[in-house]
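# Chain and residue survey
What follows is the residue order along each chain.
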Amino acid sequence: MAAVRVEEVLAAADEQEAEKRRSVTVEKELELEFDLGNLLALDRNPPPAAGLRGAGPRREALLRALARDNAQLLVARLWELPAERAGGAGGPLVAQLPEPTFRLPREKPPPRPRPPTRWEQFARLKGIRRRKKTSLVWDEQAKEWRRRWGYQRAGGDPARAWVAEVPEGADPEEDQFARLRREKRERVARNELNRLRNLARAHRAAATIPAAPLHPTGHQSREELGHVARVARVSTASLGRFQPRLPKEPAEPPSRSGGRKRRFEPLLGNLAAERSRQLEMLRDMGSKKPVLDITRAVNKQLRQEEAEAAAAKGKKKQSQRGKRGRRQQRVGRSGKKSGARRQQQRPASSSTGGGKRKKA
Amino acid sequence: MDALDRVVKPKTKRAKRFLEKREPKLKENTKNAMLIKGGNANLTVTEVLKDIYAVKKPFAVLYKKKNITRPFEDQTSLEFFSKKSDCSLFMFGSHNKKRPNNLIIGRMFDYHVLDMIELGIEKFVSLKDIKNSKCPEGTKPMLIFAGDVFDVNEEYRRLKSLLIDFFRGPSVPSIRLAGLEYVLHFTAVDGKIYMRSYKVLLKKSGCKIPRIELEEMGPSLDLVMRRTHLASDDHYKKSLKQPKALKPKKKKNISHDVFGTTYGRIHMQKQDLGKLQTRKMKGLRKRPAEKSAEDSGISPKKSK
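All of the points below concern the structure found in this document. Everything numeric here is computed off the predicted structure, so don't read it as measured data.

### Quick notes on the overall build of chain B
Regarding its fold elements, chain B presents seven helices and 13 strands. Counting every position in chain B, which comprises 304 residues, the buried fraction comes to 43%. Once local pairs closer than 6 in sequence are excluded, the contacts in chain B between residues at least 24 apart make up 65%. Summed over all atoms, the accessible surface of chain B reaches about 18,300 Å², with 55% contributed by carbon and sulfur.

Next up, the structure:
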């Protein structure tokens with residue numbers, strides 16, 4: 001009797017709760033994915049394609065119903081977050097959002113720490129640490145605390161110093177004020193020079209690490225490709241010593257100073273090498289074929305000139321032609337011109353040799 | 001590279017602040033968007049750009065003049081603009097016979113174009129065509145993507161990521177629940193993408209969670225995907241990379257179990273049990289029963 005009534009009461013309460021919740025519950029086949037940090041909801045259910053095909057108000061109504069359902073689910077999730085009243089009892093209800101989970105690309109690459117300067121390296125080696133200096137210094141003359149440097153500094157304005165003592169070992173005729181001014185200028189210049197040197201060192205260190213090795217396809221330049229090819233050659237286990245070279249690629253050992261210092265062979269030493277070098281020289285002098293490959297040299301010069309001309313012209317016509325057009329232009333032009341000139345050179349060289357005339 | 005690590009150091013504090021705002025940081029600024037008109041932009045496209053600007057204010061720049069470029073052929077001018085105005089998102093509108101009502105939406109990484117997707121506008125209803133109250137400027141919108149195409153198709157997946165990036169707004173730690181007023185709903189069906197914006201009305205329901213009613217508000221677009229220029233996978237992965245410093249630090253020696261209990265671990269040094277203080281521990285004292293047993297044990301000696 002009493003028990004039955006209690007059960008009835010509980011059942012009725014449950015019914016009421018369910019009634020209330022019905023207005024805010026939404027039935028979906030697949031659960032939505034939520035990223036509350038971004039206020040994002042992803043619905044994987046395929047939308048009713050048949051209803052959405054016909055244009056007009058029916059489509060809008062369907063879209064709105066779909067949006068309403070999804071928005072209801074998202075808001076329900078947001079309301080479940082831990083919330084508090086900001087600014088006291090009467091303030092607005094504010095919910096704490098979690099961290100966004102959806103991975104989005106960054107705007108810029110993450111910052112790289114700059115390499116330590118020469119002084120910083122030395123200090124680290126010696127264990128010298130920075131001593132925090134006080135910002136105010138006691139000025140005896142003015143009998144108060146003054147700044148260490150800047151406006152109204154402790155020692156008085158150095159520009160207005162009216163006495164400059166002649167130090168012990170100095171020439172009495174020398175202008176001390178001029179000396180002080182000159183020394184300050186030298187100090188500033190030396191400081192600036194060291195700062196620029198540190199910057200250059202940091203820049204060089206950053207440049208040797210190819211951060212973005214190759215631009216996405218369609219944007220590579222010749223220099224970029226050359227640089228990347230060089231880096232790729234050295235990235236083997238034996239640091240590129242046994243990599244096969246292309247037929248006309250010059251064999252050069254990597255120079256540590258980056259091509260700045262000239263290196264000379266020792267005067268006396270490798271007798272076998274000297275002998276072979278002299279014999280080679282005699283052979284080249286006696287042979288009929290010219291050592292300098294004139295065709296290659298001329299082509300190289302032509303290409304350089306064309307590149308310069310194209311760069312000057314391309315800047316004007318860039319917007320109209322675009323990159324594809326520019327490439328086509330260069331290939332076409334270089335093919336015609338240098339082909340004609342190559343044919344010109346051939347008869348000249350072969351006439352000196354006295355050989356047969358070749359028609360290419 | 002600091003603002004002060006440049007060859008020409010900034011001479012004023014204002015210049016220094018300007019440079020510091022633009023340099024790469026651990027926690028980045030909100031992405032700005034630049035809205036550009038092409039050489040032959042028509043009324044529809046211009047209206048679209050103006051409406052998107054209204055939605056994205058103040059994190060957008062609307063360029064007034066027409067710019068004669070073709071983003072899919074030459075990206076240098078876009079990259080130049082991006083560098084000048086420090087915007088990493090862009091929207092370029094143009095119109096020609098072959099591609100009517102064209103809208104190119106894209107994003108940059110390190111001032112170089114990362115992704116670009118060309119969309120055609122089939123139908124557009126502007127903010128001023130729908131006559132009802134709008135929500136305040138700068139409201140963070142709720143984004144909803146409906147349709148399984150957004151997960152299955154690679155291009156649609158990138159488009160989804162692009163749209164989230166574009167319309168996300170600033171990243172905030174907490175929000176006022178009554179201020180959730182704006183919803184952007186994207187449905188992908190039948191090769192078309194329907195973008196609708198609604199104003200949210202919170203109605204009373206019996207329980208704590210309010211009932212949602214939607215009112216069509218802002219710009220609504222019917223889009224068709226045309227060309228795409230997506231970044232290669234490794235380039236994209238590189239742009240996704242977050243620095244390690246941003247990872248939340250893991251607390252050691254704390255573990256949780258399924259029921260929500262938190263367990264902690266304490267590491268102790270080896271104790272010398274001989275030096276344990278037992279006199280002050282009541283539990284370790286001998287009970288009278290034990291004492292008598294002991295006495296009786298040793299009593300034969302003593303009883304003499």
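What follows picks up the thread again.
### Description of the pairing of strand β6 (residues 144-147) of chain A
All names here are of chain A. Looking at chain direction, strand β5 (residues 136-139) and β6 are connected through four bridges and run antiparallel. Bridge assignment links leucine 136 to a residue of β6, and that residue is arginine 147. Taking the residues that link successive antiparallel strands as the turn, the β5-β6 hairpin has four residues, and the phi of lysine 143 there is positive, at about 55°.

### What about the packing of aromatic side chains?
Enumeration according to the criterion identifies nine aromatic pairs over all chains in this entry. Pairing tryptophan 119 of chain A with phenylalanine 122 of chain A gives two aromatic rings, centres 5.7 Å apart and planes at 40°, and the pair type is tilted. Taken as a pair, tryptophan 119 of chain A and phenylalanine 122 of chain A lie in helix α4 (residues 118-126) at a separation of three residues, close to a single helical turn. Accessibility expressed as a relative area gives 54% for tryptophan 119 of chain A, which makes it exposed. Taking the centre distance of 4.9 Å and the plane angle of 10° together, the rings of phenylalanine 145 of chain B and phenylalanine 186 of chain B count as stacked. One end of the pair, phenylalanine 145 of chain B, is in strand β6 (residues 142-146); the other, phenylalanine 186 of chain B, is in strand β8 (residues 182-189), with 41 residues separating them in the sequence.

### Observations concerning the nonpolar core
Of all hydrophobic cores here, the largest spans 41 residues; its most connected members are Phe145, Phe166, Phe167 and Phe186 of chain B. Examining the composition of this core, we find that seven residues originate from one element, helix α5 (residues 154-167) of chain B, more than from any other. Other than its neighbours up to four places away in sequence, phenylalanine 167 of chain B contacts Ile52, Val55, Pro141, Leu143, Leu184, Phe186 and Met195 of chain B. Counting residues in hydrophobic clusters, the runner-up holds 33 residues, among them Val24, Val26 and Leu32 of chain A together with Leu214 of chain B.

### A word on the sheet that holds strand β3 (residues 83-85) of chain A
With respect to topology, three strands assemble into an open sheet ordered β3(A)-β4(A)-β7(B), the strand pairing being antiparallel. The sheet is open, and its two borders are formed by β3 of chain A together with β7 (174-176) of chain B, each paired with just one other strand. The mean angle between the axes of side-by-side strands here comes to 30°, regardless of whether they run parallel or antiparallel. Both strand β4 (residues 93-96) of chain A and β7 of chain B contribute to a ladder of three bridges, which runs antiparallel. Looking at the pairing, alanine 95 of chain A lines up with isoleucine 175 of chain B of β7 of chain B.

### Thoughts on the interface of chain A and chain B
On the chain B side, the residues contacting the 62 residues of chain A number 80 residues. Between chain A and chain B we count seven salt bridges in total. For the side of chain A that touches chain B, the elements supplying multiple residues, two or more each, are α1 (2-22), β2 (40-43), α2 (49-53), α3 (57-79), β4 and α5 (176-208) of chain A. Within the side of chain A that touches chain B, the residues separate by chemical class into 36 nonpolar, ten polar and 16 charged. Examined bridge by bridge, β2 of chain A and β6 of chain B share four bridges and lie parallel to one another. Directly across from leucine 40 of chain A, in β6 of chain B, lies its bridge partner leucine 143 of chain B.

The rules behind each value
The residue count restarts for each chain, going from 1 along the sequence in the order it is written. Think of it this way: whatever chain is written first is A, whatever ligand is written first is 1, and the rest follow in order. Totals for whole chains, interfaces and linings use every residue, but because this is a predicted model, local features are given only for residues with pLDDT of at least 70 and side-chain atom pairs only at 80 or more, for both listing and counting. For side-chain calculations, the full set of non-hydrogen atoms in the structure is used, while hydrogens and water are omitted. By definition, any uninterrupted DSSP run of H or I lasting at least four residues is a helix, any uninterrupted run of E lasting at least two residues is a strand, and each is numbered from the N terminus. Note on classification: 1.4 Å probe, protein chains only; a residue is buried when its accessible area is under 20% of the maximum for its type, exposed when over 50%, partly exposed between these limits. For this analysis, residues touch if any pair of their heavy atoms sits within 4.5 Å. Only the protein chains shown count as cover for residues, and the accessible areas themselves come from Shrake-Rupley with a 1.4 Å probe. Only strands that DSSP links by at least two bridges are regarded as paired with each other. By convention, a stacked pair of Phe, Tyr or Trp rings (six-membered ring in the case of Trp) has centres within 6.5 Å and planes under 30 degrees apart, an edge-to-face pair has planes over 60 apart, and any other such pair is tilted. Side-chain atoms within 4.5 Å link the members of a nonpolar core, which is a set of buried Ala, Val, Leu, Ile, Met, Phe, Trp, Tyr and Cys residues. With axes taken as lines fitted to C-alpha atoms, and helix axes fitted only over the stretch in contact, angles between N-to-C directions fall between 0 and 180 degrees. Here, a salt bridge means any Lys or Arg side-chain nitrogen found within 4 Å of an Asp or Glu carboxyl oxygen. Gly falls in the polar group here, along with every residue not listed as nonpolar (Ala, Val, Leu, Ile, Met, Phe, Trp, Tyr, Cys, Pro) or charged (Asp, Glu, Lys, Arg).

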